[in-house]
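# A structural walkthrough
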Amino acid sequence: MSVPLYLHPMKDRNTIRFSDSDRGIRAATFFLRKGGLVAFPTETVYGLGADARNERAVADIYRAKGRPAHNPVIVHVTDSAAGTMLIDLPEAGMKAAKAFWPGPLTLVGPVRGDSGIAPICRAGAETLAVRVPEHRLAQTLLKAFAGPLAAPSANRSGQVSPTHADHVMEELNGRIDGVLDGGPCAVGLESTILGFDADGTARLLRPGGVSLEDLERTLGVVRSGIIIDDTAPSAPGQLSSHYAPGARVRLNADAPGLGEAWLGFGPDPDRISAISINLSPSGNLEEAGTHLFAALRQLDEWLNGSGVIAVAPIPQSGLGQAINDRLRRAAAPRT
Ligand code: TXA
Ligand code: MG
């Protein structure tokens with residue numbers, strides 16, 4: 001008797017590309033119900049989904065990604081009502097949920113006793129990260145599945161997040177059951193992650209698709225808490241070398257040096273490299289965010305994963321904070 005594919009360990013899975021159609025959704029849902037792994041688009045990046053109530057399915061996410069066991073995953077649900085049933089949120093958290101869900105925001109709070117979420121999603125923490133994505137296909141899939149989906153970004157651990165179904169295939173083909181192809185992701189940067197201090201004040205844990213300025217407009221004070229730490233398991237997501245292309249990354253460059261590739265923003269300098277991509281010639285940060293990860297992948301491919309990518313300075317305002325955060329991690333010393 002043949003053993004279903006989803007029971008196999010992390011190799012030799014036949015990775016199917018599910019289309020954006022009723023049939024595609026039905027097939028993707030089928031695999032998820034069986035404890036399989038299906039990548040799906042959100043407005044930020046593609047997530048690698050599994051039933052968040054199924055310990056073994058979520059363990060398979062860690063295996064497929066090569067993700068360290070101490071790094072918790074985000075649980076995705078269809079709406080704020082479902083989200084606030086999983087975690088306890090202070091007033092500021094409820095406000096943030098109301099203002100930014102569905103959308104590119106993840107909220108972290110103490111998990112409720114009756115959440116039904118497999119503890120492995122928290123990787124030992126008392127808190128759980130929850131997100132309500134806005135993407136039409138993500139919503140359709142969550143509704144068809146009718147349950148919470150654990151989903152970290154659908155890349156191998158330490159690599160650049162995928163913003164196209166092709167990127168997912170490049171990294172995880174043969175290791176997951178499928179990818180639901182929803183085309184390119186509109187935001188292109190991962191969600192902003194917000195936690196809360198004991199006094200109920202919001203704390204920015206990762207800059208992302210919702211800008212700090214927008215959060216502050218809604219919440220008043222938002223403390224910043226981005227800790228760059230390579231080793232401490234207690235600081236999940238804060239590993240400094242991350243989003244790393246093979247090529248080295250040189251930040252805040254005026255122009256490319258001889259032989260360097262160029263990642264531009266705003267008007268290009270006079271001396272331009274043959275290998276170059278401009279994230280937004282008009283200097284639009286939203287546009288730059290949308291294209292950042294695909295551009296890093298493309299330049300890395302053109303450079304065969306070696307050499308240097310010189311990057312133009314990018315303003316720190318709005319989405320610039322998240323873009324600069326990802327670029328700094330891409331440029332961080334490799335371990
Ligand atoms: O946009 C996104 O957030 C995408 C899409 C798929 O939703 N997901 C994503 O997941 O970027 P991932 O696993 O690549 O990044 C989630 C980050 C990790 O750095 C993890 O350490 C942090 O969230 N995280 C998860 N649970 C946490 C918790 N309980 N407390 C603090 N950080 C947490
Ligand atoms: Mg990730």
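Please refer to the structure placed before this passage.
Residues numbered from 1 in each chain as written. Chains lettered and ligands numbered in written order. Predicted model: local features only at pLDDT ≥ 70, side-chain atom pairs only at ≥ 80, totals over all residues. Heavy atoms only, no water.

### A closer look at the environment of A144
For A144, the location among the structural elements is in helix α5 (residues 136–145). For A144, a relative accessible area of 29% puts it in the partly exposed group. Each C-alpha atom of the pair A144 and T163 lies 23 Å from the other, and the pair is 19 residues apart in sequence. The residues touching A144, leaving out its near neighbours within four places in the chain, are I25, T29 and R33. (Helix = DSSP H or I, 4+ residues; strand = E, 2+ residues; numbered from the N terminus. Buried < 20%, exposed > 50% of the residue type's maximum accessible area, 1.4 Å probe, protein only. Contact = heavy atoms within 4.5 Å.)

### Re empty space enclosed by the protein
For the structure on display, the rule yields 1 cavity of 30 Å³ or more. Within this model, the largest cavity holds a volume of roughly 40 Å³. In terms of lining, the largest cavity is formed by T192, L204, P207, G208, V210, S211, L212, G318, Q321 and A322. Split by residue class, the lining of the largest cavity holds 5 nonpolar, 5 polar and no charged. For the lining of the largest cavity, the two domains that each supply at least three residues are domain 1 (16–223) and domain 2 (248–331). (1 Å grid on protein atoms, 1.4 Å probe; cavity = no way out; pocket = protein on both sides within 12 Å on 5 of 7 lines; lining within 4 Å. Points joined across faces, edges and corners; volume = space filled by probe spheres on them. Nonpolar A, V, L, I, M, F, W, Y, C, P; charged D, E, K, R; others polar. Domains from an automatic or database assignment.)

### So, the site of ligand 1
Taken together, 23 residues lie near ligand 1, and T44, N71, H76, R131 and S191 sit nearest. Between a nitrogen atom of ligand 1 and a side-chain N or O atom of T127, the distance comes to 3.1 Å. A distance of 2.8 Å is found between an oxygen atom of ligand 1 and a side-chain nitrogen or oxygen belonging to S153. Compared with its free state, where it exposes 670 Å², ligand 1 has 93% of that area covered by protein. Elements supplying a minimum of two residues to the shell around ligand 1: β4 (74–76) and β6 (127–131). Looking at the shell around ligand 1 element by element, the count peaks at 4 residues for β6. Tallied by class, the residues present in the shell around ligand 1 amount to 11 nonpolar, 8 polar and 4 charged. (Near = heavy atom within 4 Å. Polar contact = N/O pair within 3.5 Å; in protein donor to acceptor, adjacent residues only side chain to side chain. Areas by Shrake-Rupley, 256 points an atom, 1.4 Å probe, with all protein chains shown as cover.)

### Brief notes about the sheet that holds strand β1 (residues 16–18)
Spatial ordering of the open sheet is given by β1-β8-β2-β3-β7-β4-β6-β5-β9-β10-β11, a layout of 11 strands whose pairing is mixed. For this open sheet the edge positions go to β1 and β11 (222–224), each flanked by a neighbour on one side alone. For strand β2 (residues 38–40) and strand β8 (residues 178–180), the ladder comprises 2 bridges, and the chain directions are parallel. Note that in β8 the partner of V38 across the bridge is G178. Across the sheet, helix α2 (residues 55–65) is in contact with β3 (47–51) and β7 (149–150); its angle to β3 comes to roughly 155 degrees. (Pairing = 2+ DSSP bridges. Axes fitted to C-alpha atoms, helices over the stretch in contact; angles between N-to-C directions.)

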